[in-house]
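Here is how the chains run, residue by residue.
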Amino acid sequence: QICSQVQVIMSQTETSALCKPDLNTLYILDIDSTLVTTHQRNQAIVQSFLETYSSIYPEDCKIIATLDCQLGDYGFRSTMQRKGVAETDLSCFEELTTYWRQHFFSNTYLSFDQPTAGAVEWMQKLKSAQASFVYLTARHKISMWDGTLQTMKDMGFPINLNQLYLKEDLSLTDEEYKSLLVGKLLDENPQKQLLLIDNEPVILNKIAQEYPEIFLVWFELTHSGKMQPPAKALAIKNFIF
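The structure reproduced in this document is the subject of the present report. (Residues numbered from 1 in each chain as written. Predicted model: local features only at pLDDT ≥ 70, side-chain atom pairs only at ≥ 80, totals over all residues. Heavy atoms only, no water.)

### Side note on the nonpolar core
(1) Moving on: Counting residues in each nonpolar core, the largest one holds 55 residues, and the members touching the most others are Leu-35, Tyr-135 and Phe-157.
(2) Moving on: The element that contributes the greatest number of residues to this core is helix H3 (residues 39-53), accounting for six residues.
(3) Moving on: Filtering out sequence-adjacent residues up to four positions away, Tyr-135 remains in contact with Leu-29, Ile-31, Leu-35, Met-123, Met-152, Phe-157, Pro-158, Ile-159, Gln-163, Leu-164 and Tyr-165. (Core = buried A, V, L, I, M, F, W, Y, C linked by side-chain atoms within 4.5 Å. Buried < 20%, exposed > 50% of the residue type's maximum accessible area, 1.4 Å probe, protein only. Helix = DSSP H or I, 4+ residues; strand = E, 2+ residues; numbered from the N terminus. Contact = heavy atoms within 4.5 Å.)

Here is the structure:
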């Protein structure tokens, strides 16, 4: 979005923090479906399932082979919906779901992810200006830490160990986890304004409720569909400001 468009929605301070690095702002960035796209990862996992289970579920796999995960799909289930495939059409649906979850939340297929438009360049501008930023993702720390660090570096994102937060306690929902971390970041950065960018409205609503002072930006790509983003959140579709 160009700056003249966002000014009518955001305050001047928020607008400036997006269009130009602000040293008084701590930028909190989500990764999946915000800084990077994940449909290629989903497609690779589906393909791997086909190669592994085609002899066990030959008829199901003929249907699964028609799935083409695209930008904007939420996992593989929305791909199924788009293709008119119901869960009841697949006798192996539960096994496919388990297989997808095990591999999506692992290092194995992270190399298929790609940066969203302008994301690397924008993050590099933040780094060059010595602005403060962290990556706050609900990726699982035990199974995705090494792969996240490596693939983010490979894509060109500026990143170090101290800037990366992954979920350790899997008993927490994503919104609970991120809310706790945002509270921690608020306490650690009392002199800074916090600006959070995330694709999931459930998370944005949780943060809006608990920390109304935080600037919220909704990355409008794909999400769970459980709710709409809070009215105060700016919607953007890329990082080309």
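Moving on, there is more to tell.
### Looking at the pairing of strand E5 (residues 164-167)
(1) Moving on: Neither face of E5 is exposed, since Leu-164 and Leu-166 on one face and Tyr-165 and Lys-167 on the opposite face are all buried.
(2) Moving on: Of the pairings in the sheet, the one linking strand E4 (residues 132-140) to E5 comprises three bridges and is parallel in character. Considered in E5, the bridge of Leu-136 is made with Tyr-165.
(3) Moving on: On the question of chirality, the crossover connecting E4 to the parallel E5 by way of helix H8 (residues 141-155) is right-handed. (Pairing = 2+ DSSP bridges. Right-handed = clockwise from strand over helix to strand, strands pointing away.)

### Focus on helix H6 (residues 93-104)
(1) Moving on: A rise of 1.5 Å per residue sets the reference length of H6, with its twelve residues, at 16 Å; its end C-alpha atoms lie 16 Å apart and thus fit the reference within 8%.
(2) Moving on: Within H6, the full set of buried residues consists of Phe-93, Leu-96, Thr-97, Tyr-99, Trp-100, His-103 and Phe-104. Angular distribution of buried residues about the axis of H6 spans 165°; they occupy a single face of the element. Set apart from the buried face of H6 by more than 90 degrees, the exposed residues are Glu-94 and Gln-102.
(3) Moving on: Next to the buried residues of H6 lie H3, helix H4 (58-64), helix H5 (77-83) and H8. (Expected span 1.5 Å × (residues − 1). Arc of directions from axis to C-beta.)

### What to know about the sheet that holds strand E6 (residues 193-198)
(1) Moving on: Taken in spatial order, the six strands make up an open sheet running E5-E4-E1-E6-E7-E8, and their pairing is parallel. Lying at the two open borders of the sheet, with one neighbouring strand each, are E5 and strand E8 (234-236). Each adjacent strand pair in this sheet contributes to an overall mean axis angle of 20°, direction not counted.
(2) Moving on: Across the sheet, helix H9 (residues 174-188) lies against strand E1 (25-29), E4, E5 and E6, angled at about 155° from E4, the strand it touches most. (Axes fitted to C-alpha atoms, helices over the stretch in contact; angles between N-to-C directions.)

Read these as spatial facts, not as claims about activity.
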